[in-house]
Amino acid sequence: MNVLMFKDHEAMSRYAAKLFIDQLQTDPQSVLGLATGSTPIELYQALIRANKSGEITFKDVTTFNLDEYLGVAADHPESYARFMREHLFDAIDIDQANTHIPSGLAIDPVKEGADYDEKIRQAGGIDLQVLGLGGNAHVGFNEPAESLSNQTHATQLTQDTREANARFFGSIEEVPTEAITMGMGSIMRAKKIILMASGQAKAKAIQQTVEGPITTQAPSSLLQLHPDVTVLIDEAAGSNLKETSYEIL
Ligand code: F6R
């Protein structure tokens, strides 16, 4: 894993944007794997600016999002479909038909998951995947568990995750209990992965991701086995790392 430490979230987001801009300039037909949540918002803002200034175009880009809440329609204010439209898709020159998010209303989530993985395969696989990190070391909604799934699948959200996401809903009771998420296999098949994390609340999970044993109880630790992962963190998220010789960028 290539770990890069930044002085703050903004510097980290600028660097992540540079990696995405390089990817799109090298291959304008890239397939991007996208995340929701607070972490990538500044990255998406930087990509919108780069698109508006003509530095990059999304017109031949395809995207696949990691996850969606189950039981939540695409037009629900807290759906990830709506998040993506608001924070990225409506502001760039992407063809909305080339944006993919698992359906929160899938009647048969097993079929929805299999179809989603097949669509990723047919698109040629994900070239660059961005990941946020749960405080409990989840990636996508692959929560700590006795075993993990390879495929895109339906999953129960842990209490920790529902509490962390309650800030977007009126109360914890309104946070869905289930989601549909790319599996660890779907994520690990991406050619390149960027994991971003900032703030003290992610410090333990970053230590588990980068230095901890590979375990299903810290799903992000599986990324240690991927050949091309760049971990972008701020100082607070890196504060539990035993290795302390990171230069602050
Ligand atoms: C979102 C996702 C989640 C988040 C993670 C961190 O699509 O898959 O794994 O990346 O929960 O969320 P934030 O960035 O809000 O701290």
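The structure reproduced in this document is the subject of the present report. (Residues numbered from 1 in each chain as written. Predicted model: local features only at pLDDT ≥ 70, side-chain atom pairs only at ≥ 80, totals over all residues. Heavy atoms only, no water.)

## Comments concerning the overall build of the protein chain
Next, step 1: Scanning the protein chain from terminus to terminus reveals seven helices and 10 strands.
Next, step 2: The C-alpha radius of gyration of the protein chain comes to 17 Å, within 12% of the 18 Å expected for a compact globule of 249 residues.
Next, step 3: Projected onto its principal axes, the C-alpha coordinates of the protein chain cover approximately 45 × 45 × 35 Å.
Next, step 4: Here the contacts in the protein chain between residues at least 6 apart in sequence split such that 79% fall between residues at least 24 apart. (Helix = DSSP H or I, 4+ residues; strand = E, 2+ residues; numbered from the N terminus. Rg over C-alpha atoms; globule rule 2.2 N^0.38 Å. Contact = heavy atoms within 4.5 Å.)

## What about helix H7 (residues 203–210)?
Next, step 1: Among the eight residues that make up H7, six are buried, leaving the element largely enclosed by the rest of the structure.
Next, step 2: Where H7 is concerned, the buried positions are Ala203, Ala205, Ile206, Gln207, Thr209 and Val210.
Next, step 3: Where the residues of H7 are buried, they touch strand S1 (2–6), strand S9 (192–197) and strand S10 (229–234). (Buried < 20%, exposed > 50% of the residue type's maximum accessible area, 1.4 Å probe, protein only.)

## Some points on the site of the ligand
Next, step 1: The environment of the ligand is made up of 14 residues, and the closest members are Thr39, Asp67, His138, Gly140 and Lys202.
Next, step 2: Ser38 is positioned with one of its backbone polar atoms (N or O) 2.8 Å from an oxygen atom of the ligand.
Next, step 3: In the model, an oxygen atom of the ligand is placed 2.8 Å from a nitrogen or oxygen of the Gly140 main chain.
Next, step 4: Within the complex, the protein chains bury 92% of what would otherwise be the 410 Å² of accessible surface of the ligand.
Next, step 5: Split into classes, the residues belonging to the shell around the ligand amount to three nonpolar, eight polar and three charged. (Near = heavy atom within 4 Å. Polar contact = N/O pair within 3.5 Å; in protein donor to acceptor, adjacent residues only side chain to side chain. Areas by Shrake-Rupley, 256 points an atom, 1.4 Å probe, with all protein chains shown as cover. Nonpolar A, V, L, I, M, F, W, Y, C, P; charged D, E, K, R; others polar.)

## What about the side chain of His100?
Next, step 1: Along the polypeptide, His100 turns up in strand S5 (residues 99–100).
Next, step 2: By relative accessible area, which is 18% here, His100 ends up buried.
Next, step 3: Ignoring anything within four residues of it in the chain, the contact list for His100 reads Thr62, Thr63, Phe64, Asn65, Tyr116 and Lys119.

## Let's talk about the nonpolar core
Next, step 1: Ranked by size, the top nonpolar core spans 62 residues in total, and within it Tyr44, Leu47 and Ile206 carry the most contacts.
Next, step 2: Sorting elements by how many residues they give to this core places helix H1 (residues 9–26) first, with seven residues.
Next, step 3: Setting aside anything within four residues of it in sequence, one finds Leu47 in contact with Ala17, Phe20, Ile21, Ile56, Phe58 and Leu88.
Next, step 4: Among the nonpolar cores identified, the runner-up in size contains nine residues, and Tyr69, Val72, Val175 and Ala179 belong to it. (Core = buried A, V, L, I, M, F, W, Y, C linked by side-chain atoms within 4.5 Å.)

## Considerations on unusual backbone geometry
Next, step 1: If you check the backbone angles, Ala137 has positive phi at about 75° while not being a glycine.
Next, step 2: Note on placement: Ala137 falls in the loop between strand S6 (128–131) and strand S7 (153–156).
Next, step 3: Relative accessible area serves as the criterion here: at 0%, Ala137 is assigned to the buried category.

## What to know about the sheet that holds S10
Next, step 1: Pairing is parallel in the open sheet, where seven strands are placed in the order S1-S10-S9-S6-S2-S3-S5. Taken across any chain shown, the strands that pair with only one partner, and hence form the sheet edges, are S1 and S5.
Next, step 2: Note that strand S3 (residues 62–65) and S5 share two bridges and pair parallel. In the sheet register, Thr63 faces S5, and the bridge partner there is Thr99. (Pairing = 2+ DSSP bridges.)

## Comments concerning the sheet that holds strand S8 (residues 178–181)
Next, step 1: As summarised here, the arrangement of the three strands in space is S4-S8-S7, forming an open sheet in which the pairing is antiparallel. The sheet is open, and its two edges are formed by strand S4 (67–69) and S7, each paired on a single side. Averaged over neighbouring strand pairs, the angle between their axes works out to 25° when direction is ignored.
Next, step 2: Taken together, the four bridges between S7 and S8 define a ladder with antiparallel strand orientation. The residue of S8 that forms the bridge with Ala154 is Ile180. (Axes fitted to C-alpha atoms, helices over the stretch in contact; angles between N-to-C directions.)

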